[in-house]
Amino acid sequence: MQGVRRSYGPVPAVRDVTLEVRAGETLALLGPSGCGKSTLLRVVAGLDRPDAGRVLLHGQDVTASPPEARGLSLVFQDYALFPHLTVLDNVAYGPRMRGAPRTAARERAAAVLDRVGLADLAARKPHELSGGQAQRVALARALAPRPALLLLDEPLSNLDEQLRASLRAQLRTLFREEGAGVLLVTHDQREALALADRVALMRGGSVVQVGSAADVFARP
Ligand code: ADP
Ligand code: ADP
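Definitions and cut-offs
- Residues numbered from 1 in each chain as written.
- Chains lettered and ligands numbered in written order.
- Predicted model: local features only at pLDDT ≥ 70, side-chain atom pairs only at ≥ 80, totals over all residues.
- Heavy atoms only, no water.
- 1 Å grid on protein atoms, 1.4 Å probe; cavity = no way out; pocket = protein on both sides within 12 Å on 5 of 7 lines; lining within 4 Å.
- Points joined across faces, edges and corners; volume = space filled by probe spheres on them.
- Nonpolar A, V, L, I, M, F, W, Y, C, P; charged D, E, K, R; others polar.
- Pairing = 2+ DSSP bridges.
- Helix = DSSP H or I, 4+ residues; strand = E, 2+ residues; numbered from the N terminus.
- Axes fitted to C-alpha atoms, helices over the stretch in contact; angles between N-to-C directions.
- Near = heavy atom within 4 Å.
- Polar contact = N/O pair within 3.5 Å; in protein donor to acceptor, adjacent residues only side chain to side chain.
- Core = buried A, V, L, I, M, F, W, Y, C linked by side-chain atoms within 4.5 Å.
- Buried < 20%, exposed > 50% of the residue type's maximum accessible area, 1.4 Å probe, protein only.
- Contact = heavy atoms within 4.5 Å.

A.B. asks: Can you walk me through empty space enclosed by the protein in this structure?
C.D. replies: To locate leftover empty space, one rolls a probe as large as a water molecule over the atoms. As enumerated under the stated definition, the model contains one cavity of 30 Å³ or more in all. The space that makes up the largest cavity amounts to roughly 40 Å³. Lining the largest cavity are Gly 24, Thr 26, Arg 172, Phe 175, Arg 176, Ala 180, Leu 195 and Asp 197. Of the residues belonging to the lining of the largest cavity, the class tally is three nonpolar, two polar and three charged.

Put into structure tokens, the structure is as follows:
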């Protein structure tokens, strides 16, 4: 993101943000409700147009590209799985849409499901899953097509604390193993500390500090 600005009214939601997610890293956007995190994520996803500034992907200006041309995956807190498809076919959907043959897409889906510990649930339908299982399937579905960047907006916030804690540990390993670049929006400091390589602190539409999780959370 270079000099990204977005206003909905007189007050800018995002002001001149310049930020980079490096290959394979998890960057957390951390800040209180209303500070502009989701707006920034939508601009990166192409779901919202910035008033000023640019979005670059692998050095290419994608500011005017539609979301589907960006090769990104999104997971929101209210994940929606396709209710009529099995877990396996939900996860195979992305690779299929990118042109993978049915067998290859299913093999990729099975491998990612194995990574999130859900290989045994491949034949189930979404309504047969617990909340934590469904969220892991949503993450597997987002990772399956090997997105250039995985965008996560408060991905664990609908889960209870115990489940959140166990998923935090699992996801860090998963993102590392997949080599996925991740941009994570959260208001939860523990989530940023557990998942992120670097943290960008936001206040009032601006990034006020960027650094390693250890540096940002270090108390002087
Ligand atoms: P966060 O994700 O950090 O909670 P948001 O990016 O959702 O923050 O919102 C930033 C600011 O922009 C807030 O003041 C919010 O009310 C405002 N805002 C966000 N989306 C819209 C919208 N579609 N229309 C009007 N105002 C919006
Ligand atoms: P895009 O191709 O723009 O990435 P998708 O087609 O993957 O978008 O779908 C976007 C969202 O719409 C999905 O997250 C899903 O919740 C919903 N959706 C799309 N197709 C279906 C479907 N056949 N059944 C149920 N929900 C669907």
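Still more ground to cover, so stick around.
A.B. asks: It is not clear to me how the sheet that holds strand 2 (residues 12-17) should be interpreted in this structure. Could you clarify?
C.D. replies: Spatially, 2-1-4 is the arrangement adopted by the three strands of the open sheet, whose pairing is antiparallel. Looking at strand neighbours, the two that pair on one side only are strand 2 and strand 4 (52-54), the edges of this open sheet. The sheet shows a mean angle of 25 degrees between the axes of neighbouring strands, direction not considered. Two elements, strand 1 (residues 2-7) and strand 2, share three bridges in a ladder whose sense is antiparallel. Across the sheet, the residue bridging to Arg 6 is Val 14, located in strand 2.

A.B. asks: Which parts of the structure should I look at to understand the site of ligand 2?
C.D. replies: In the vicinity of ligand 2, the contacting residues are Ala 80, Phe 82, Pro 83, His 84, Tyr 93 and Arg 141. In this structure, Ala 80 approaches ligand 2 through a main-chain N or O atom, which is 3.4 Å from an oxygen atom. The separation between an oxygen atom of ligand 2 and a polar side-chain atom of Tyr 93 is 3.1 Å. Across the shell around ligand 2, the residue classes tally to four nonpolar, one polar and one charged.

A.B. asks: Hey, could you run me through the nonpolar core in this one?
C.D. replies: In a soluble, globular protein the nonpolar side chains are often hidden away together inside. Counting 45 residues, the largest nonpolar core has Leu 113, Leu 152, Phe 175 and Val 199 as the members making the most contacts within it. Here the element with the most residues in this core is helix 4 (residues 131-143); it accounts for seven residues. Once residues within four sequence positions are removed from consideration, Leu 152 is found in contact with Leu 41, Val 75, Leu 139, Phe 175, Val 182, Leu 183, Leu 184 and Val 185. Counting 23 residues, the second-largest nonpolar core is a separate cluster that includes Val 17, Leu 19, Leu 41 and Met 202.

A.B. asks: Looking at this model, I keep getting lost on the sheet that holds strand 9 (residues 182-186). Mind explaining?
C.D. replies: Where strands meet in a sheet, backbone hydrogen bonds hold them as pairs that are either parallel or antiparallel. Here six strands make up an open sheet; going across it, the order is 7-8-9-3-10-11 and the pairing mixed. The two strands at the open ends of the sheet, each matched to only one other strand, are strand 7 (72-76) and strand 11 (206-212). On average, adjacent strands in this sheet sit at an angle of 15 degrees to one another, irrespective of strand direction. One ladder, built from five bridges, connects strand 3 (residues 26-30) with strand 9; its direction is parallel. Counterpart to Ala 28 in the pairing with strand 9 is Leu 184. In the packing of helix 1 (residues 37-45) onto the sheet, the strands contacted are strand 3, strand 7, strand 8 (149-153), strand 9 and strand 10 (198-203), and the crossing angle to strand 8 comes to about 150 degrees. Across the sheet, helix 4 is in contact with strand 7 and strand 8; its angle to strand 7 comes to roughly 170 degrees.

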